[in-house]
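For reference, the chains in residue letters:
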Amino acid sequence: MILRLVRLRSPSSIRSGQVLVVVLLMLAVVTTVGLAMVSRSVTEIGVTTTQEESARALTAAEAGVEAALSAVVASGTHTMGSMGTTYTVSSQAYGGGGEFTVSRSLTAAESETVFLSGHDTSGNLVPGQEKYTDNNIRVCWGQNVSAVDATAPALEAILYFQTSGQVKVGRMGYDPVDSRRGQNSFQAAGSASDCPAGKTYAFSTNVALNTLGGYNSGTDNPLLLRLRLLYNGETGHFIGVKAQGGASLPAQGTNITSAGQSGSTSRKVQLFQGYGDPFPQFDNAVFSG
């Protein structure tokens with residue numbers, strides 16, 4: 001008979017193995033929680049840093065616009081403060097050439113100015129500089145409206161021009177609604193055609209400048225054309241103008257772009273600075289008794 005000896009583990013060694021397993025599990029849990037907390041802290045620090053950099057970059061971009069408006073700085077890159085924050089400013093003429101769309105929609109009685117002569121470097125209107133040379137100019141207006149709508153906007157065009165050393169003014173109205181023209185004596189306006197790109201228009205008309213106050217495109221200097229919408233209440237509509245006969249419109253203002261940079265974050269602010277023009281109330285004063 002063969003005897004086989006079997007060594008039995010003592011209870012203390014079994015308990016030691018169980019403790020080791022529990023300790024390893026606890027270490028795994030603690031390590032996982034610790035790594036999660038570290039990861040979250042790193043993420044929060046990154047988000048906070050990005051927010052701070054974003055705020056500094058936006059502040060720098062706004063400061064660049066303000067500096068450009070006040071002519072404190074020239075175009076280029078400039079440093080702001082001692083934290084390496086910079087802003088880059090650039091200016092570009094806007095609105096000149098073959099067509100121009102106003103930068104905002106107009107409600108009833110609001111007006112927008114289209115300059116027909118250019119400006120000097122100080123922003124002063126110079127009669128005859130870069131003057132619009134054709135007698136006709138195409139004007140388009142109105143969005144999502146038809147001629148049977150009572151709130152379809154009519155257009156009033158007011159031309160300021162210089163002749164023989166004097167400034168004169170002429171005005172004309174254009175209305176797409178047949179029933180209203182019997183009361184306001186405006187000229188008829190048609191559906192949109194030959195309009196500037198970028199917007200969808202409902203109406204258009206060809207404004208003959210020589211019908212506005214006796215303007216002569218050969219001898220007179222056009223200054224500006226004021227365009228006003230009527231009858232559309234609080235509903236805003238855009239206006240676009242298009243040069244005719246190969247003529248060109250002078251620049252209508254300046255686009256100022258300022259890009260702020262802080263760390264790896266950048267923010268950009270863009271502003272359209274239009275040229276100064278007479279107050280809208282001046283139009284009524286000219287034609288009053």
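Here is a short report on the structure shown in this document. Worth saying up front: this structure is predicted, and the values here are computed from it rather than measured. All residue numbers refer to positions counted from 1 along the written sequence of the respective chain. For this predicted model, a pLDDT threshold of at least 70 governs which residues receive local features, and a threshold of 80 or more governs which side-chain atom pairs are given and counted, while totals over whole chains, interfaces and linings are taken from all residues. Note: side-chain values were computed over all heavy atoms of the structure, leaving out hydrogens and water.

**Brief notes about the pairing of strand E6 (residues 154-163)**
So, step 1. Buried, partly exposed and exposed residues are distinguished by accessible area as a fraction of the type maximum, computed with a 1.4 Å probe on protein chains only: under 20%, between the cut-offs, and over 50%, respectively. Helix and strand assignments come from DSSP, with helices taken as H or I runs of at least 4 residues and strands as E runs of at least 2, each series counted from the N terminus. Most of E6 sits out of view: nine of its 10 residues are buried.
So, step 2. A strand pair is defined by DSSP finding two or more bridges across the two strands. With nine bridges connecting them, E6 and strand E11 (residues 221-230) associate as antiparallel partners. Bridge pairing in E11 places Gln-162 opposite Asn-221.
So, step 3. What sits between the antiparallel neighbours E6 and strand E7 (residues 166-175) is a turn of two residues, in which Ser-164 has the positive phi angle 50°.

**With respect to the packing of aromatic side chains**
So, step 1. Pairing of aromatic rings covers Phe, Tyr and the six-membered ring of Trp, with a centre-to-centre limit of 6.5 Å; geometry is then stacked below 30 degrees between planes, edge-to-face above 60, and tilted otherwise. Under the definition given, this model contains five aromatic pairs.
So, step 2. When the centroid spacing of 6.0 Å and the interplanar angle of 70° are considered together, the rings of Tyr-94 and Phe-100 count as edge-to-face.
So, step 3. Looking at Phe-100, the relative accessible area reads 5%, which means it is buried.
So, step 4. Classification of Tyr-94 as partly exposed rests on a relative accessible area of 32%.
So, step 5. Members of the aromatic cluster, connected to one another through ring pairs, are Tyr-94, Phe-100 and Phe-272.
So, step 6. For the cation-ring pair, Arg-180 lies above Tyr-231, with the distance from its terminal atom to the ring centre recorded as 4.0 Å. Counting as a charge over the ring demands two things of the Lys NZ or Arg CZ atom: a distance within 6 Å of the ring centre and an angle within 35 degrees of the ring normal.

**Here's the deal with a nonpolar patch on the surface**
So, step 1. Note on patches: the residues involved have over 30% relative accessible area and no salt bridge, like charges join within 9 Å, and the nonpolar side chains Val, Leu, Ile, Met, Phe, Trp and Tyr join within 5 Å. Areas reported here follow the Shrake-Rupley algorithm with a probe of radius 1.4 Å; residue values treat only the protein chains shown as occluding. Here a salt bridge means any side-chain nitrogen of Lys or Arg lying within 4 Å of a carboxyl oxygen belonging to Asp or Glu. Side chains of Val-19, Leu-20, Val-23, Leu-24 and Leu-27 sit close together on the surface and give an oily, nonpolar patch of about 450 Å² of accessible area.
So, step 2. Tracing the backbone through its elements, the reader meets Leu-24 in helix H1 (residues 11-69).

**Describing the side chain of Ser-117**
So, step 1. By secondary structure assignment, the location of Ser-117 is in the loop between strand E4 (111-115) and strand E5 (136-141).
So, step 2. Residue classification places Ser-117 among the buried positions, given a relative accessible area of 0%.
So, step 3. A polar contact of 2.5 Å, which involves the side chain of Ser-117, links it to the backbone oxygen of Pro-222.
So, step 4. Two residues form a contact once any of their heavy atoms are found within 4.5 Å. Sequence-distant contacts of Ser-117, that is, excluding residues within four places in its chain, are made with Leu-125, Val-126, Pro-127, Gly-128, Gln-129, Glu-130, Lys-131, Pro-222, Leu-223 and Pro-250. Under the rule applied, a polar contact is a pair of N or O atoms within 3.5 Å (in protein, one hydrogen donor and one hydrogen acceptor; residues adjacent in sequence only if both atoms are side-chain atoms).

**Considering the nonpolar core**
So, step 1. Among buried residues, those of type Ala, Val, Leu, Ile, Met, Phe, Trp, Tyr and Cys that are joined through side-chain atoms within 4.5 Å constitute a nonpolar core. If you look at the biggest cluster of nonpolar residues, it comprises 32 residues, and the most contacted ones within it are Leu-116, Ile-137, Trp-141, Leu-209, Leu-227 and Ile-239.
So, step 2. Contributions of two or more residues to this core are made by E5, E6, strand E10 (203-208), E11 and strand E12 (239-243).
So, step 3. A total of four residues in this core trace back to one element, the largest contributor, which is E6.
So, step 4. Excluding anything up to four places from it in sequence, Leu-116 contacts Glu-130, Lys-131, Tyr-132, Ile-137, Leu-159, Leu-209, Pro-222, Leu-223, Leu-224, Leu-225, Leu-249 and Pro-250.

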